[in-house]
Amino acid sequence: MNTQQTSLPIQASVTSASRLVQIGLAAFLGLFVLGTAGFSHIEAIHNASHDVRHSLAFPCH
């Protein structure tokens, strides 16, 4: 008796609409994180991202 299972490869199709949704969500997340860190009044968050913001010419003062 053969108990081996064969698995078929699953191919995921990426449509242009799903790619646009992924890009939009990534952009929103990036802007949200940048805005949260950039305008935060918590000193630890400000200091953790200070050099990165200045290297990207993002005003934080």
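See the structure shown above.
Predicted model only: the values in this text are computed from it and were never measured. (Residues numbered from 1 in each chain as written. Predicted model: local features only at pLDDT ≥ 70, side-chain atom pairs only at ≥ 80, totals over all residues. Heavy atoms only, no water.)

## Quick word on the packing of aromatic side chains
This is how it is decided: When two rings of Phe, Tyr or Trp (its six-membered ring) have centres within 6.5 Å they constitute a pair, described as stacked for plane angles under 30 degrees, edge-to-face for angles over 60, and tilted for the intermediate range. Counting from the N terminus, the helices are the DSSP runs of H or I reaching at least four residues and the strands are the DSSP runs of E reaching at least two. Per-residue accessibility, obtained with a 1.4 Å probe over protein chains only, is compared with the maximum for each type, and a residue is labelled buried under 20%, exposed over 50%, and partly exposed between these values.
Evaluation of the coordinates by the stated rule reveals one aromatic pair. Both rings, one in F28 and one in F32, keep their centres 6.4 Å apart while their planes meet at 20°; by these two values the pair is stacked. Of this pair, F28 and F32 both sit in helix 1 (residues 16-38), separated by four residues, roughly a single helical turn. The class for F28 is exposed, based on a relative accessible area of 57%.

## Considerations on helix 2 (residues 43-55)
Heads up, the rule is: One less than the residue count of a helix, multiplied by 1.5 Å, gives the span that helix is expected to have. We define the bend at each residue as the angle formed by axes fitted to the 7 residues ending at it and the 7 residues starting at it. By the convention used here, residues are in contact when the closest approach between their heavy atoms is within 4.5 Å.
A rise of 1.5 Å per residue sets the reference length of helix 2, with its 13 residues, at 18 Å; its end C-alpha atoms lie 19 Å apart and thus fit the reference within 8%. Of all the bends in helix 2, the greatest, near 50°, is centred on S49. Looking only at helix 2, the buried set comprises H46, S49 and R53. On its buried face, helix 2 sits against helix 1. At the exit of helix 2 stands A57, carrying a positive phi of roughly 60°.

By themselves these figures say nothing about function.
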